[in-house]
Amino acid sequence: MGQEQNTARQATAILRITLGVILIVTWFKNLQDGIYTADGIVGLFNYLFNDNGGGPAFYRALINGTILQVPGLFAVFQLVGELLLGLGLLVGLFTPLAALGAALFFFNLFLAYLGGNDWIWTYVLLTVSALVVALAQSGRAWGLDSLLLKRLGEPPGGPIW
């Protein structure tokens, strides 16, 4: 690997670690606030859609027809998912997959806040940052993906580390 590619991966590793920290800190805050319960999930979407005025009609219908039909199950999924995404990014494990998952999570937040009273562009920056991290394979710099690469070589199905 050339010095320029190594420097680029190190730069995006800083971004990867930052996104991981953001997700872990958010996870702890959500845990403390009781978001990862059925009532917490319902309360969150009530805030987003009613108090904040966010979410386009198609998105509201999707959430109301899926997540809010089983908020307890989704709360567990959210609890585990946010934690795994944050840890994956923080330690650089399966970084392209974790970063794509984070991009979907951040884009979901963008949709949830879209049209509301809060500033949505933070979620655009987070989404794009996660996509850059995924494409740059930044777990190969200062991450566990570098150990997987050394031990197993390039993955046969595409860049999952």
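Structure report, in brief. In every chain, residue numbers begin from 1 and rise along the written sequence. The model is predicted, so local features are restricted to residues of pLDDT at least 70 and side-chain atom pairs to those at 80 or more, both for listing and for counting; the totals for chains, interfaces and linings are taken over all residues. Side-chain numbers here rest on the full set of heavy atoms in the structure, without hydrogens or water.

## Examining the side chain of Asn30
Next up, step 1: A run of H or I in DSSP counts as a helix once it spans at least four residues, and a run of E counts as a strand once it spans at least two, with each numbered from the N terminus. Mapping Asn30 onto the fold places it in helix H1 (residues 3-32).
Next up, step 2: Setting aside residues no more than four positions away along its own chain, Asn30 makes contact with Ile35, Tyr36 and Glu82. Throughout, a contact is declared for two residues whenever any of their heavy atoms are within 4.5 Å.

## With respect to the packing of aromatic side chains
In this description, a pair of aromatic rings is defined by centroid distance and the angle of the planes.
Next up, step 1: Working definition: rings of Phe, Tyr and Trp (its six-membered ring) pair if their centres are within 6.5 Å, and the pair is stacked with planes under 30 degrees apart, edge-to-face with planes over 60 apart, and tilted otherwise. Enumeration over the complete set of coordinates arrives at nine aromatic pairs.
Next up, step 2: Measuring from ring centre to ring centre gives 5.8 Å for Phe107 and Phe110, while their planes differ by 25°; the resulting arrangement is stacked. Remark: Phe110 and Phe107 occur in helix H5 (residues 95-113); sequence separation between them is three residues, near one turn of the helix.
Next up, step 3: Remark: exposure states derive from per-residue accessible area (1.4 Å probe, protein chains only) relative to the maximum for the residue type, with buried under 20%, exposed over 50%, and partly exposed in between. Assessed through its relative accessible area of 40%, Phe107 is described here as partly exposed.
Next up, step 4: An aromatic cluster of three or more residues is present, and its members are Trp27, Phe28 and Tyr36.

## Side note on helix H4 (residues 71-91)
Next up, step 1: What a helix should span is 1.5 Å times the count of its residues minus one. Between its first and last C-alpha, H4 extends 30 Å over 21 residues, near the 30 Å set by a 1.5 Å rise per residue.
Next up, step 2: Those residues of H4 lying buried are Pro71, Phe74, Ala75, Gln78, Glu82, Leu85, Gly86, Gly88 and Leu89.
Next up, step 3: Against the buried residues of H4 lie H1, helix H2 (38-51), H5 and helix H6 (121-136).
Next up, step 4: Of the residues flanking the end of H4, it is Gly92, one or two places downstream, whose phi is positive at about 70°.

## Some details on unusual backbone geometry
Next up, step 1: Residue Gln137 is not a glycine yet carries a positive backbone phi of 50°.
Next up, step 2: The topology assignment puts Gln137 in the loop between H6 and helix H7 (144-152).
Next up, step 3: Given a relative accessible area of 14%, Gln137 falls into the buried group.
Next up, step 4: Its identity as a non-glycine residue notwithstanding, Trp142 has a phi of 60°, on the positive side.
Next up, step 5: Checked against the element boundaries, Trp142 lands in the loop between H6 and H7.

## So, the packing of H5 against H6
Next up, step 1: Contact geometry for H5 and H6: axes closest at 8 Å, N-to-C directions at 165°. Classified by the angle between their axes, H5 and H6 sit roughly antiparallel to one another. As H5 runs across H6, the sense of the crossing is left-handed. The segment H5 lies against H6, with Thr95, Pro96, Ala99, Leu100, Ala102, Ala103, Phe106, Phe107, Leu109, Phe110 and Tyr113 engaging Tyr123, Val124, Leu126, Thr127, Ala130, Leu131, Val133 and Ala134.
Next up, step 2: All residues other than Ala, Val, Leu, Ile, Met, Phe, Trp, Tyr, Cys, Pro, Asp, Glu, Lys and Arg, Gly among them, are scored as polar; the first ten of these are nonpolar and the last four charged. When grouped by side-chain class, the residues that make up the contact of H5 with H6 number 17 nonpolar, two polar and no charged. Axes here refer to lines fitted to C-alpha atoms; in helices the fit is confined to the stretch in contact. Angles between the N-to-C directions go from 0 to 180 degrees. Each angle is binned into one of four classes, with values under 35 degrees roughly parallel, values over 145 roughly antiparallel, values of 65 to 115 roughly perpendicular, and all other values oblique. The hand of a helix crossing depends on one turn: near helix anticlockwise from the far one by less than a right angle means left-handed, and clockwise means right-handed.

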